[in-house]
Structure formats: C-alpha cells, structure tokens
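Understanding the architecture of this molecule
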Amino acid sequence: MSLPALFGPGRRVLAIALAGSGLAQAGGAAVAAAAASAALADPACGAPLVGAMVLGGGFLAGAFWLERRIGEGLAQSLVADLRQRLFGASIAVAHRLDRGRLAVPFVGDLAAVRNWAARGPIRLLGAGLAFAGGMAALAALHPSLWPSAVPLGLAPLAAAPVGRRLRRTISRQRDIRGGMTRFVLRRLERHGRQPDAGAARARDAEALAERSRRLAEISVARAAMAADLEALAVLAGGLAGALAVFGTIVGAGSPAGAAGALALVGFVAARLRDMARAEHARIAGEVALRRIAARLAEARAASIAPGGPAEVSHAE
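Keep in mind that what you see is a predicted model, and the values were worked out from it rather than measured.

Digging into the side chain of T248
As for its position among the elements, T248 is in helix α6 (residues 198-249). Assessed through its relative accessible area of 17%, T248 is described here as buried. Leaving out residues up to four positions away in the same chain, T248 has contacts with L145, G253, S254, P255 and A258.

Now the structure itself:
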C-alpha cells in the first residue's frame, strides 16, 4: 500500500499558492528595503517612501500569514488521508498482529508526519523561495555589497553534515520511543491479569527507568543538533550584516544603501533559520513515514498470509 503524496491530487493548488506566498514575502521585503534606502538617500522625499516601507512590510506580513495558513491545511489533509489508510490496514489484521505494535504509529508517528508536512517540505518550499528571492533582491539592489551574501549562501552547505547526523539520531530516538510505548502497553496488560505480582512490578519499573534514561540522552542529543542548524543560520546572518557594514566603511556602498542591505540580510537570515527548522522537521517526518510504510507493509503481508490468526507475543 503506497503512502499518499503531500502534493498529490486535491493539494496541488495549495502547493502553488504556497510557492506564491514565499515569492510574495521576498517581494514585500525588497520593496521595504528599497524604500528605506531611497528615503535615507533623499530625505526630502522621505514621507511617501516611508509609506512604501509600511506597505512592503504589510505585504510581507500577509504573505507570511498565508504561508502558515496554507501549510497547516496541507498538513492536516495529508495526515487525515494517512490516518484512514493506517486505521483500515490495522483493523484488518488486529486479530493477527500485536496490538501494541499496531498502535505505536497512531501515538507518535502521525504527529511527526504532521510536523513534517507543516514544518518540513511545506516550510522549505515557502521559506526556500523567500530565501532565494531575498538573495536575488540583495544582489540586484546592492551589487557593490555582494560579499554580504556569501555567508548566507554557504550556510546550507555547512549544515549538510549536521543533517546527516541528525537523521541517524532521530531514527534511533524513534526506535527507543516506540519500544517504550510497546513496553508500557504490554506490561499494563500483563499486570492487569496479575495484579499482585509485586516483584514483577518492581522489575518493570526499573526497566522503564532505564528506557527513560536512554530516551532522555538521545533526545538531548537531537535537540543539540537541531540547535546547531539554527545557530549556523544565526551566525551566517551576523556575518552577512558585518560584511555589509564593513563594505560601507571601505567605500563599497553608501550608508543609505547599507540600511537597505541590512534589512534584506535580516530577512534572508530569518528565512534561513526557518529553513533550518524545516530541515529538522523534514528529517523527523521522513523517519516516521518509513516506519508507517513498514507497518502498512507488515499489515498487508499479515492479511494475505495463509493460516489462522497469529499468536500475539507479549515478551520484550
């Protein structure tokens, strides 16, 4: 059973609108930055240009709101489709497979898929186009300050090795978390049948504490790697701003031009940080999608396997 496509039928129009919102963000930022530079270069004409800055900022805010609204709608549509497929496949084989194993995707994996959809590819599409448009505006409006764009352009390359390590860490974290969920479900069922087994409860509590320790350790490692991605974006923005100021000091640009360049640098750096967060969500969601696909394949194999209902194992 194949997984529903994020940008499949019924969602493609929303994807086009999402791409448009990303480009609209870059357009609003470019208008505001250009108006700021022009107002500072010719204060006599400053009043209408300040109005243009406000309009550009309002356009940017509206496009940003639209991106979030469309993205959430896309994500919820995908998760609803996926939940229905997963539920149907699980119901069909609930008498043959471990119910705890079938329940795990509904507990954590679907939430990760929602985050993947809303904050991963969707956010990468919108923020990525806004990032590219902002970089183009920076180069077109302030070509003499081009070195300020270099750190912003190199940041995604520097983040690639971190992303690969993060993928391995998230996969391990989900394995530990899924195992803990199955452990709890099975032990609750066992202790429901044997309520007076005090020694067994103590052993299970100790085992749960060890699982919790391992989950906490790997969760902290994941958070640190996600922070590395965001820190790279922040660092790139700081370096880009410093280069824009330095270029102005050495005569590569005017103070008025530097003001507009700094505004665009700030916009691009913010979109770069959005992209870092989106990459984190994308990786986590792809790990969850692989797990859901494996469960669907397992359910399909069980549904067509010969013989009677499989015996459910409670050992772990």
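Comments concerning the packing of helix α1 (residues 12-41) against helix α4 (residues 121-141)
Remark: α1 packs on α4, axes separated minimally by 8 Å, with the N-to-C direction vectors making an angle of 30°. When the axis of α1 is compared with that of α4, the two are roughly parallel. Crossing angle aside, the handedness with which α1 passes α4 is right-handed. For the pair α1 and α4, contact is made by A15, L18, A19, G22, L23, Q25, A26, A30 and A34 and by I122, L125, G126, L129, A130, G133, G134, A137 and L141, respectively. Tallied by class, the residues present in the contact of α1 with α4 amount to 13 nonpolar, five polar and no charged.

Comments concerning the side chain of H142
Residue placement: H142 occurs in the loop between α4 and α5 (150-193). Only 3.4 Å separates the side chain of H142 from the backbone nitrogen of A261, close enough to count as a polar contact. Setting aside anything within four residues of it in sequence, one finds H142 in contact with S37, A137, G257, G260, A261 and L264.

Observations regarding the pattern of salt bridges
Using the criterion set out here, one finds nine salt bridges in the structure. R213 is the partner of E217 in a salt bridge, and the nearest nitrogen-oxygen pair spans 2.6 Å. Of this pair, E217 and R213 are both found in helix α6, four residues apart, which corresponds to roughly one turn of the helix. Note that R282 and E279 form a salt bridge whose closest N and O atoms lie 2.6 Å from each other. Note that R282 and E279 are positioned in helix α7 (residues 255-304) at a spacing of three residues, about one turn of the helix. Residue R282 is classed as buried on the basis of its relative accessible area, which comes to 18%. Among the residues examined, E279 registers a relative accessible area of 21% and is labelled partly exposed. Each of E67, R68, R123, R271 and D274 takes part in salt bridges that share partners, so that together they form one network.

Description of the confidence of the model for the protein chain
Interpretation of this model should avoid reading the predicted coordinates in detail wherever pLDDT is low. Within the protein chain, residue pLDDT values average 80, and 82% of them lie at 70 or more. Counted against residues more than four places away or in other chains, residues 308-316, with its pLDDT under 50, gives 21 contacts.

With respect to a nonpolar patch on the surface
Nonpolar side chains collect at one region of the surface, where V245, F246, I249, V250 and L262 lie side by side and expose about 480 Å² of accessible area between them. Top contributing element to the nonpolar patch by residue count: α6, with three residues. Within the secondary structure, V245 is located in helix α6.

Details of the nonpolar core
Core analysis: the biggest nonpolar cluster contains 25 residues, and F131, L152 and L272 have the highest contact counts within it. Within the residue set of this core, elements represented by two or more residues are α1, α4, α5, α6 and α7. Ranked by residue count, the leading element in this core is α7, at eight residues. Excluding anything up to four places from it in sequence, F131 contacts L152, V268, R271, L272 and M275. Core analysis: the next-biggest nonpolar cluster, separate from the first, contains 16 residues, L18, I70, L74 and I122 among them.

Reading the values: rules and limits
Residues numbered from 1 in each chain as written. Predicted model: local features only at pLDDT ≥ 70, side-chain atom pairs only at ≥ 80, totals over all residues. Heavy atoms only, no water. Helix = DSSP H or I, 4+ residues; strand = E, 2+ residues; numbered from the N terminus. Buried < 20%, exposed > 50% of the residue type's maximum accessible area, 1.4 Å probe, protein only. Contact = heavy atoms within 4.5 Å. Axes fitted to C-alpha atoms, helices over the stretch in contact; angles between N-to-C directions. Parallel < 35°, antiparallel > 145°, perpendicular 65-115°, else oblique. Left-handed = near helix turned anticlockwise from the far one by under 90°. Nonpolar A, V, L, I, M, F, W, Y, C, P; charged D, E, K, R; others polar. Polar contact = N/O pair within 3.5 Å; in protein donor to acceptor, adjacent residues only side chain to side chain. Salt bridge = Lys/Arg side-chain N within 4 Å of Asp/Glu carboxyl O. pLDDT = per-residue confidence, 0-100. Patch = residues over 30% accessible without salt bridge, like charges linked within 9 Å, V, L, I, M, F, W, Y side chains within 5 Å. Areas by Shrake-Rupley, 256 points an atom, 1.4 Å probe, with all protein chains shown as cover. Core = buried A, V, L, I, M, F, W, Y, C linked by side-chain atoms within 4.5 Å.

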